[in-house]
Structures are given as C-alpha cells and as structure tokens.
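Summary of structural features
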Amino acid sequence: MTSTSATKYETVIGLEVHVQLQTRRKMFCGCSADYADAVPNTHVCPVCMALPGVLPVINEKAVESTVMTALALNCSIPAYSKFDRKNYPYPDLLKGYQISQYDLPLSERGWLEVEVEEQPPRRIGITRVHLEEDTARLTHKTDEAGESYSLLDLNRSGVPLMEIVGEPDLRSPEEARAYLVKLRQILRYIGVSKANMEEGNFRCDANISLRPRGATAYGARVEVKNMNSFRAVENALRFEAERQTRALDAGASITQETRGWVEGEGTVSQRSKEGADDYRYFPEPDLPPVTLTAAQVEAIRAPLPELPDARRRRFEQEFGLPAYEANLLTESRARAEYFERVIAAGAGSGDASRRKRARAAANWMIGDFARLLHASGLEIDDARISPADLCAMIALVEDGAISGTSAKAVFEEMFQSGRAPAAVVRELGLEQISGSDEIAAIVDRVLAANEKPVAEYRAGKQEALKFLVGQAMRESRGRLNAAALTETLTAKLREKA
Amino acid sequence: MSIDRETVLHIAKLARIALTDDEIELFRSQLSDILGHFDVLDGIDTDGIEPTAQILPLENVFAPDVSRPSLPQAEVLKLAPLTDDGYLRVRAVLE
Ligand SMILES: [Zn+2]
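All residue numbers refer to positions counted from 1 along the written sequence of the respective chain. Both sets of labels track the order of writing: A upward for chains, 1 upward for ligands. In view of the model being predicted, local features appear only for residues whose pLDDT reaches at least 70, and side-chain atom pairs are presented and counted only at 80 or more, with totals across whole chains, interfaces and linings using the full set of residues. Remark: hydrogens and water are excluded; side-chain values derive from all non-hydrogen atoms of the structure.

1. Describing the nonpolar core
All names here are of chain A. By nonpolar core is meant a set of buried Ala, Val, Leu, Ile, Met, Phe, Trp, Tyr and Cys residues that side-chain atoms within 4.5 Å join together. The rule is simple: take the accessible area with a 1.4 Å probe, protein chains only, and divide by the maximum for that residue type; under 20% is buried, over 50% is exposed, in between is partly exposed. Ile164, Tyr179 and Phe202 are the most contacted members of the largest nonpolar core, which has 65 residues in total. Ranked by residue count, the leading element in this core is helix H2 (residues 173–190), at eight residues. Leaving out residues up to four positions away in the same chain, Phe202 has contacts with Val17, His18, Val19, Leu180, Leu183, Arg184, Leu187, Ala195, Asn196, Met197 and Phe230. Judged by nonpolar contacts, the second largest core, of 35 residues, contains Ala336, Tyr338, Val342 and Phe411. Starting at the N terminus, helices and strands are each numbered in turn, a helix being any DSSP run of H or I of at least four residues and a strand any DSSP run of E of at least two. By definition in these notes, contact holds between two residues if any of their heavy atoms fall within 4.5 Å.

Set out below in structure tokens:
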C-alpha cells in the first residue's frame, strides 16, 4: 500500500522507457554501436557528426528489433510507417534535430500484464513503440575561472534507441516498478537489448499526477527524470506522490513541470527550457517510409521465444511446480531453457517420475546451483555443469546410489570441475552405504561411543535420536541412506533397552 | 499569408538568433513572401490524391547490420572549433 492510496487521492502514473537496441552498427550510419569502453569520439563518421550532404540509411535490424518488441507487447503493426525530424537547439545532436517518429510510428496500442504482490494481474496499456536515435553524451564542467562549459562525446550519438510509451494506467509506485521489471525481462528474453538501467541502456521518465478518487479527469502532471535504478523510480514516485498529496491537502495547486530525482533529497524542480516543446516535427525527407506486409510481420514474429508469463504457466501445469518456483525458473530465458534441457535429458520416464525429477531439478537450480553461480559471479550459460549431468546426478539420488547429503558434495565438485557425476562419486568415495551389515556396524560404533545420548533417548528424550543420526552420518561421511540409518538406529536402541 | 512580429520573434528564439527591430520587420516581410509562394499550391486540385510524406517512389531502403570503421579521432576533433582532451568543447548548456 502506498501512503497515498490510503488518502482521498488516486495516483496516476505513465512511464516512458528508452531502450538502446543491441545492434552492430548505429541507427543511420555504419559506425559501431558498441561504444561502452571506447575512447571518446572514436565511433564517429560524417553522418553521425552531421556534416553537410550526408545521407542516413535505416538499420534493418533496428526496425526488426522494434517490431519484435512491439509484438511481444501485444501491439499492432501498421502497414506504413515513417521517420520525422524533431527539431531542438541542444548540442547533444549536432544536426539540430533528432530523427524520431511522430504520427506514424512502427507500432501502437499494446499492453503488458503486471502483477503486484497479492493483487490480481492488471493489463497496462502501451501507447506505442517507436524508433529513434540516441544523443551524444554531454559532461558539464567548470574551469578555474569559474566558467561553465560542456564536453561532448559523439560515440553514443546515433545509436538505435527504441521508445516504449506507456498509458497512464499505473496506480502506484510499486506497480510502476513491477511494470519496469516485467518490461526488462521481456526485452532480455527476446534479446533486443541488454536493458541494464545502471549502464544506461534502459532509461525511464515518469509522469505522475493525483486526482480525487472516483474522478475521471487527470490532475496536473509532473514529469520526473534522472532515475538511474528501479529502486530510484519507485522512491522518486513515492516521494512525488506524497509531495503532491501534501500540496493538494494544503489547498495548493500542482504546477505542471519537470522535476529531477536527487538521491537523498527528493524531486527537485528543473529550470524549464522555454519553448522547448515546439519541436516543429516534419517528415524526414532523407528517409523513405517503412512498409511492412502481414507476411513480413509474421516473419519477425516467428523467432519470438515463449515469453515469461506463458512459460511460467506452462511450468506450473506441465511439471506441477509451485508458482514461486516456476517464477524463479523463468526469470531469465537462459535459466528456463537450462531447466528444460535437464528435463529433456531424462526423457522416456513416465509423467509421475518426470514431475518428481522436475521438482528435484527446480530445487537444485533455485538452491545450490543459484548459490554457487552467485558466489562465483557466473551466469548460468557459463556454468561448467551440463544439463545432462545434472539430470544424471538427480537420477543417482533417485536410485539410491548416493545419499542426499553426498549429493551436495557431488554437485559442488561437478560445478567446479564440470565432470560427470558417476566419476565424481567414485573419486570422492561417496557411493551410498546400503548393505545392512555395514550400516549395523556403523550404528554399533556410534552407540558405543555415545553412552549419554543413548541413555537420554531411552529415558524418553526424542531429540537425542537426531544427535545420534548426525554422529552416524559424520562417521560415514554422509554416505548412509537416511531412512535406512534411522530404521536401524531405532531398532537397535529398542533391542538393547 | 502574412507572418506577424510575434511569430518572427518566436522563430528567432527557437533558432537562438538575436534580431534588431529592423531585422524583425525585414524577416517578417520576407517570410510572408515565402509563405505567399506556397499559396499557389492551394489553387491546385488535389481531389483523389493520397497525401504523402515522400515524393520519391522508394520504400524500405535499409542497411544490413554490419559496422564499418569510423573516422580517426584526430579527424573528428579537427572539425571542431574547440576541443579538450579528446572531447568537443561547447559553451555551457542547461541540462
Ligand atoms: Zn557514424
């Protein structure tokens, strides 16, 4: 619950997200779009430097990635689309304008399903997804004489930038965050962008207003900028909702303005760029329109992977996994696909044992596997342990060849070395002890060495049994079958009583 | 079609140009003349003609996603009036 939802106002939020597309070349020229570690002004050519007489050419992959994103966001794709010039006097684009899309974008009218804890999922409208170019990076400085100036690096100028405009359908800062998390997940699933907010290839501006509950007209809205993480977006929106609530409660009106988020301070009014909204859009004369037939759109749709929501539901139904586990497993496409490969490696088994194996695989992947990956700073794609080997190890546990305790050690060794489970089990000497004579011999040793707990157990202290089980496991280095051990132990305790 | 003084001042502001009173009047009349030429178009019968943003019979002119070498940094910097340690230097701008 937000602080405002308890009041008489309803919070109305719409997000604009800019996403750098992962392409080799820039949007309209041949310069490399991968400028992350580049020396300033080394990914620059006459086109992205705006020299007179140059001709931009549309990057085909950027168009495909935008259409693919739009399809994943349930948008419709018009047959005819064009680019426009957005004029503004700011040195982050040397042309004096940005090539963007105004009235005929590549896509429009979609939706994204968003879920906030303990509430039913809600569809948030997507107004449009369009394509434009990123701007150069400006760094503001002051020299010794106190004179301010700006330094310009053109490497980012002209990198393909996709804008996803959302409808003002979000009703809380939490929901805004959930929307962003979901959007990022989809962008990564379909592989169009790294979508990393901290690295600046996923950026978010927010519009927020309040209105009396039950009202249909929107209140004056404030645009909030400079939020560099999901947490910052949520905090900035919460701050702004509270600020507007206080102002309205005090009888003041909200000024329509742009405010910047300053960590530790709040949202701060930014000096307005007077007349900056007069962008004088007009059709880009250097770029012919983009037309897409239904067949072309379907060709772009075809390689779309199963998206997270659909996959999560399928995992729940097909493998009988709880929602929480299905959710974690489908968090990234790589993890979901790894999981499916583990299951596929054990194909041929019946439905019941398939579900059982899926539960075991899910436990390993969410538990020890995730922990070891995290500790070594690896992604699942970098893991040395193959899906088939993980499947084989689960089978060893199922068949009673190794104990659950041993499996942990085996898994860790497999994770480090990438070796097959059977070899690891042999090498570590972890074959399960299942012979009744062997178990009995270990239990006898443990009982002889622990007279006090034995006496306590016989006097009715049940917890003493746990201790004795632990001692026997230690004695056998975890190789005992837990059920067989407990059975033998209790039998012997009873028989000597 | 005639342009008023306020429109000239607005355009000058957007273009970041300072104008004297004489220039305002000069551009007001010149810009009005230019727009006047476009009035000719109003006399053309465009019934049944689809509006278009493009006069060339082209569509879907794309480049494959392959990068090419860029200019050497020195070439880029040479074109700027003021540079600073590999960057182009410009007068301070409002964020
Ligand atoms: Zn370039």
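2. Quick notes on the interface of chain A and chain B
Listed by partner, the interface residues are 54 residues for chain A and 35 residues for chain B. Contact between chain A and chain B buries roughly 4,000 Å² in total, counting both sides, with carbon and sulfur atoms accounting for 57%. Basic side-chain nitrogens of Lys or Arg form a salt bridge, by our definition, when they fall within 4 Å of a carboxyl oxygen of Asp or Glu. Across the contact surface, chain A and chain B share one salt bridge. In this structure, Arg89 of chain B and Asp143 of chain A form a salt bridge, with 3.7 Å as the shortest nitrogen-oxygen distance. A 3.5 Å cut-off defines polar contacts: any pair of N or O atoms within that distance qualifies, except that in protein one atom must be a possible hydrogen donor and the other a possible acceptor, and neighbouring residues in sequence count only when both atoms are side-chain atoms. Put simply, chain A and chain B have 19 residue pairs in polar contact (both at pLDDT 80 or more) between them. The set of elements that each furnish at least two residues to the side of chain A that touches chain B consists of strand E2 (58–59), helix H1 (60–72), strand E8 (137–142), strand E9 (148–153) and strand E16 (290–291) of chain A. For the side of chain A that touches chain B, the element with the most residues is E9 of chain A, which contributes six residues. Basically, the charged four are Asp, Glu, Lys and Arg, the nonpolar ten are Ala, Val, Leu, Ile, Met, Phe, Trp, Tyr, Cys and Pro, and anything else, Gly included, counts as polar. Partitioning the side of chain A that touches chain B into residue classes produces 27 nonpolar, 13 polar and 14 charged. Strand pairing follows a simple DSSP-based rule, namely that at least 2 bridges must link the two strands. Here E9 of chain A pairs with strand E3 (residues 87–91) of chain B via four bridges, running antiparallel. Using a 1.4 Å probe, buried area is obtained as the accessible area two parts lose upon being combined, added over both of them.

3. A closer look at the domain arrangement of chain A
All names here are of chain A. Per the domain assignment, the segments of chain A are domain 1 (3–300), domain 2 (308–428) and domain 3 (436–496). The interface of domain 2 with domain 3 comprises four residues on the first partner and five residues on the second. Carbon and sulfur atoms supply 37% of the area buried between domain 2 and domain 3, which totals about 270 Å² over both sides. Counting the surface domain 2 buries against domain 3, the share from its top three residues, Ser403, Thr405 and Ser406, is 75%. Our enumeration of links across domain 2 and domain 3 arrives at zero residue pairs in polar contact (both at pLDDT 80 or more). For the side of domain 2 that touches domain 3, the per-class residue count stands at one nonpolar, three polar and no charged. Reported domain spans reflect what an automatic or database domain assignment gives.

4. Some thoughts on the coordination of the zinc ion
Residues and elements named next belong to chain A. Those donors, Cys29 (SG), Cys31 (SG), Cys45 (SG) and Cys48 (SG), are the protein atoms that reach the zinc ion, and they lie 2.3 to 2.4 Å from it. Counted as coordinating are nitrogen, oxygen and sulfur atoms within 2.8 Å of the metal, or 3.2 Å for Na, K and Ca, while water is not included, which may make sites look incomplete. Each label reflects the angles at the metal, where four donors whose angles all fall between 85 and 135 degrees are tetrahedral, four or six donors whose opposite pairs open beyond 155 degrees and whose other angles stay between 65 and 115 are square planar or octahedral respectively, and the rest are irregular. Here the zinc ion binds four donor atoms, and the angle range of 99 to 117 degrees at the metal identifies the geometry as tetrahedral. Positions of the donor residues of the zinc ion, expressed as sequence spacing, correspond to C-x1-C-x13-C-x2-C. Accessibility classification places Cys45 together with Cys48 in one group, the buried group.

5. Thoughts on the sheet that holds strand E1 (residues 9–20) of chain A
Residues and elements named next belong to chain A. On the basis of which strands lie adjacent, the open sheet formed by eight strands has the order E6-E7-E10-E1-E11-E12-E13-E14 and mixed pairing. Only two strands of the sheet have a single partner each, and these edge strands are strand E6 (107–114) and strand E14 (266–269). With direction set aside, neighbouring strand axes in the sheet form an average angle of 30 degrees. Inspection of the sheet shows strand E7 (residues 122–133) paired to strand E10 (residues 160–166) by seven bridges, in the antiparallel sense. Across the sheet, Arg128 pairs through a bridge with Val165, a residue of E10. Lying over the sheet, H1 contacts E6, E7 and E10, oriented at roughly 175 degrees with respect to E7. Axis definition: a line fit to C-alpha positions, over the contact stretch in the case of helices; interaxial angles, taken between N-to-C directions, run 0 to 180 degrees.

6. Here's the deal with the environment of Ser193 of chain A
Residues and elements named next belong to chain A. Looking at where Ser193 falls in the secondary structure, it is placed in the loop between H2 and strand E11 (202–212). Assessed through its relative accessible area of 3%, Ser193 is described here as buried. Residues Ser193 and Gly470, 277 residues apart in the sequence, show an inter-C-alpha distance of 50 Å. Looking at Ser193, its side chain comes within polar contact range of the main-chain nitrogen of Ala195, at 2.9 Å.

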